Amino acid sequence: MPPVSKLFDFIVIGGGSGGLACARRAASYGAKVALIEGSGRLGGTCVNVGCVPKKVMFNGASIMEAIEDAKHYGITVSSRSFDWGVLKQARDAYVKRLNGIYENNLVKDNVEYVDGMASFISNTEIKVNDAVLKANHILIATGGHPIIPKVEGAEHGINSDGFFDLEVQPKRVAVVGSGYIGVEIAGIFNALGSDVTLFTRTPHILRHHDSMIGETMMSEMERLGIKFERNSSVRGIKKHEGTELPLELSWTTKDREAESSGLFDCVLWAVGRAPNTAPLNLAAVPGIQLNKTGHIVADEYQNTNVQGIYSLGDVYGKSELTPVAIAAGRHLANRLFGGPQFVKSKLDYVNIPTVIFGHPVAGTIGLTEEQAREEYGDDKIKVYKSRFTNMYNALTPYKPPTSMKMIVAGPEEKVVGLHLIGRGCDEMLQGFGVAIKMGATKRDIDNCVAIHPTSAEEVVTMLFVREMRLLQDTRLSALEGTRLGIEGHNWLRQLMHNTRDGDSVAMDGPPQGLEAAIVAELQFFRAQGITPVFVFSGLAVQRKDARWFTKDDHRLAYRNAAWEAYWQGNSEQAQRGWATASPHAQGDMVPFVMRVLQAHGGECMRAPYSSWAQLAYLYRHESQAIHAVYSSLDVL
């Protein structure tokens, strides 16, 4: 029996996010649309083995972390047990419910859903099962799949798809790959209790993101207990049946000649993804082009070089993100079937925000600092930063960092990049993404009043700071004759780090050599013809990492009294004050430092609350107070 032939206005190959969005939008204009999906379930990677189930697992991991934090807020949680199977069952049921919703939406929107694998017969004909579908417009939106490396025993490992098939939580996991997928899965495994080692081919992770994101993420992941094998090259896996940790993974590193090995019960490959083009029989479409990575080449309107055939999403290979595919699909349907008003409809692929659901979360939009310098030149950009501890961790002994970087270009200081990492950055990026997409400048961001107390307020308050890479930067010579405002706590943190080998302060007084270091700093600035003005906030410093307490913390009074006694030579009273304050906290060093500065002719002040706000006020409203602002955040 010859195959049944059906005629459509539009055929969409692929029932993922982009294909679904494009098909439904086209049908809303009255087009007769068929959507072909061969996996047996709608939603594509995102819904089935990507964003959605990943976020469920991330949420579970975050709850485990919150349980650990609870005791520091006086909350007792009697049990910290975790059942992987219960979470998997609930997650899979949620995904299955979404599959059904997508299928019902196609019915409601009059899109014909065809379950089967698509294969081109010509540039207008697709064979599926025993039918031939014909259309003058065909979209290829078949997505991608995880790559398995070509090493011995690779089949004993799993990929990111297999992560969601795990019925039992592994005890010891090797994650091979340091892109966002590897980083996210490693963080989830670790937070839920698995022992995790992450393998990266370079000294870094998240290499395609701004260096601040990768450096901060790696440091925090290590603090949380994840081990790293840097500069590593995996050689293979051997499986030993009947053992608790049956997978023997072997690897080499640049700094070790001998091959290393370790035992795991799960090895997860996260070494990249490739487009799904093999089953399509593209040879039946003369002239269609693939690039060197196998992605289907298309222009900014999603047109391939064959008329009537289009490509978008992961198979297209540009900004492989679910919202990107959805937006591109809707633009394409608008242009093809929406009428003359959409003749130029296309997605702008510039300034697309994205988030890494790591531990901590990170968000980014626009150019990295390295890209901005390459595109605009060093002298045409400015980089502004902030680094602090989220107030959520005010009561916890550990102080995960929140770091922010904003990159502006040109005399109008247009924002060309924003990079955030830390608690809440995933949610705050969307709003700032709108502003940046609209062409926001430094002045626009400055003019927005901060919401306090939030982490997001740092984005609108950090912009007045003019960053310099090192305190002894030669560009300081350009500030000769000026009064230079200096944020005192970051400057002091650097000095304490340099004088105590990374330990901020001793319990029985200031670090040895701190006074001499302060004097040396004053001499350096004076040699440059600069008058430094040090501004300190009304906050206290805690031992290690310069952690802060709020002004109303009762221990602050004990610490300040202890330092007053120390300054007056009463070491016994000082010791009692420090002991009363906390066995882990130092006193407020600012009075000591300010007296040293004043004793040697330095100018300093203590702001009523925020040193940053005071600097901003002086810089903007009292032109003779300071002429420029310096922050040493780059050297932390």
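In what follows, the structure referred to is the one given above.
Reading guide: rules and limits
- Residues numbered from 1 in each chain as written.
- Predicted model: local features only at pLDDT ≥ 70, side-chain atom pairs only at ≥ 80, totals over all residues.
- Heavy atoms only, no water.
- Pairing = 2+ DSSP bridges.
- Helix = DSSP H or I, 4+ residues; strand = E, 2+ residues; numbered from the N terminus.
- Axes fitted to C-alpha atoms, helices over the stretch in contact; angles between N-to-C directions.
- Left-handed = near helix turned anticlockwise from the far one by under 90°.
- Contact = heavy atoms within 4.5 Å.
- Nonpolar A, V, L, I, M, F, W, Y, C, P; charged D, E, K, R; others polar.
- Parallel < 35°, antiparallel > 145°, perpendicular 65-115°, else oblique.
- Buried < 20%, exposed > 50% of the residue type's maximum accessible area, 1.4 Å probe, protein only.
- Phe/Tyr/Trp six-rings, centres within 6.5 Å; stacked < 30°, edge-to-face > 60°.
- Lys NZ or Arg CZ within 6 Å of the ring centre and 35° of its normal.

Peer 1: Whenever I open this one, the sheet that holds strand S1 (residues 4-7) confuses me. Can you help?
Peer 2: Picture the strands of a sheet paired through backbone hydrogen bonds; they go either parallel or antiparallel. As summarised here, the arrangement of the 4 strands in space is S1-S7-S6-S5, forming an open sheet in which the pairing is mixed. Two strands in the sheet have a free side with no partner beyond their single neighbour: S1 and strand S5 (118-122). Going across the sheet, the axis of each strand differs from the next one's by a mean of 30°, ignoring polarity.

Peer 1: I keep staring at the packing of helix H3 (residues 51-70) against helix H4 (residues 84-108) and nothing clicks. Help me out?
Peer 2: In a packed pair of helices, the relevant descriptors are the angle between the two axes and the axis-to-axis distance. Where H3 contacts H4, the axes come no closer than 10 Å and their chain directions differ by 150°. Here the hand of the crossing between H3 and H4 comes out right-handed. Contacts between H3 and H4 involve Val52, Pro53, Val56 and Met57 from the first element and Trp84, Leu87, Arg91, Tyr94, Val95 and Leu98 from the second. Its residues placed into classes, the contact of H3 with H4 shows 9 nonpolar, no polar and 1 charged.

Peer 1: Please explain the packing of helix H1 (residues 17-28) against helix H8 (residues 322-337) as it appears in this structure.
Peer 2: At a minimum axis distance of 7 Å, the contact between H1 and H8 shows a crossing angle of 25°. Taken together, the axes of H1 and H8 lie roughly parallel to each other. In this structure, H1 meets H8 at a crossing whose hand is right-handed. Across from Ser17, Gly18, Ala21, Cys22, Arg25 and Ala26 in H1, the residues of H8 making contact are Thr322, Ala325, Ile326, Gly329, Arg330, Leu332, Ala333, Asn334 and Phe337. Per-class residue counts for the contact of H1 with H8 are 8 nonpolar, 5 polar and 2 charged.

Peer 1: Explanation requested: unusual backbone geometry in the structure shown.
Peer 2: Keep in mind that most residues, glycine aside, have a negative phi and that most peptide bonds are trans. That bond from His359 to Pro360 is cis: its omega, 15°, falls within 30 degrees of zero. Here Pro360 lies in the loop between strand S19 (354-356) and strand S20 (362-366). Omega for the peptide link from His452 to Pro453 comes to -5°, which places this bond in the cis form. With respect to the element layout, Pro453 can be found in the loop between helix H11 (442-446) and helix H12 (457-461). One non-glycine residue with positive phi stands out, namely Asn281, at about 55°. Relative to the helices and strands, Asn281 is located in the loop between strand S17 (273-275) and strand S18 (309-311).

Peer 1: Any chance you could explain the environment of Ile181 here in plain terms?
Peer 2: Along the chain, Ile181 turns up in helix H6 (residues 180-191). Through-space distance from the C-alpha of Ile181 to that of Gly358 is 9.0 Å; in sequence the pair is 177 residues apart. The residues contacting Ile181, other than those within four sequence positions of it, are Ser160, Ala270 and Arg273.

Peer 1: Please clarify how the pairing of strand S14 (residues 247-253) should be interpreted in this entry.
Peer 2: Remark: a regular strand shows side chains that alternate across the two faces of the sheet. For S14, the buried fraction is high: 6 of the 7 residues fall into the buried class. Taken together, the 7 bridges between strand S13 (residues 232-239) and S14 define a ladder with antiparallel strand orientation. The residue of S14 that forms the bridge with Lys239 is Leu247. Bridging between S14 and strand S15 (residues 256-264) involves 6 bridges; their strand directions are antiparallel. Directly across from Glu248, in S15, lies its bridge partner Leu263. The hairpin formed by S14 and S15 contains 2 residues between the paired strands.

Peer 1: Mind showing me how you'd approach the packing of aromatic side chains here?
Peer 2: Aromatic ring pairs are reported here in terms of the distance separating the ring centres and the angle at which the planes meet. According to the stated counting rule, one finds 12 aromatic pairs in the structure shown. Ring geometry for Phe82 and Trp84: centres 6.3 Å apart, planes at 80°, overall edge-to-face. With centroids separated by 5.1 Å and ring planes inclined at 85°, the aromatic side chains of Phe163 and Phe189 adopt a geometry described as edge-to-face. Placement of Phe163 in helix H5 (residues 160-163) and of Phe189 in helix H6 is noted, with a sequence separation of 26 residues between them. Put simply, the rings of Phe82, Trp84, Phe163, Phe164 and Phe189 pair up and form one aromatic cluster. Note that Lys32 overlies the ring of Phe8, its terminal NZ or CZ placed 5.2 Å from the centroid.

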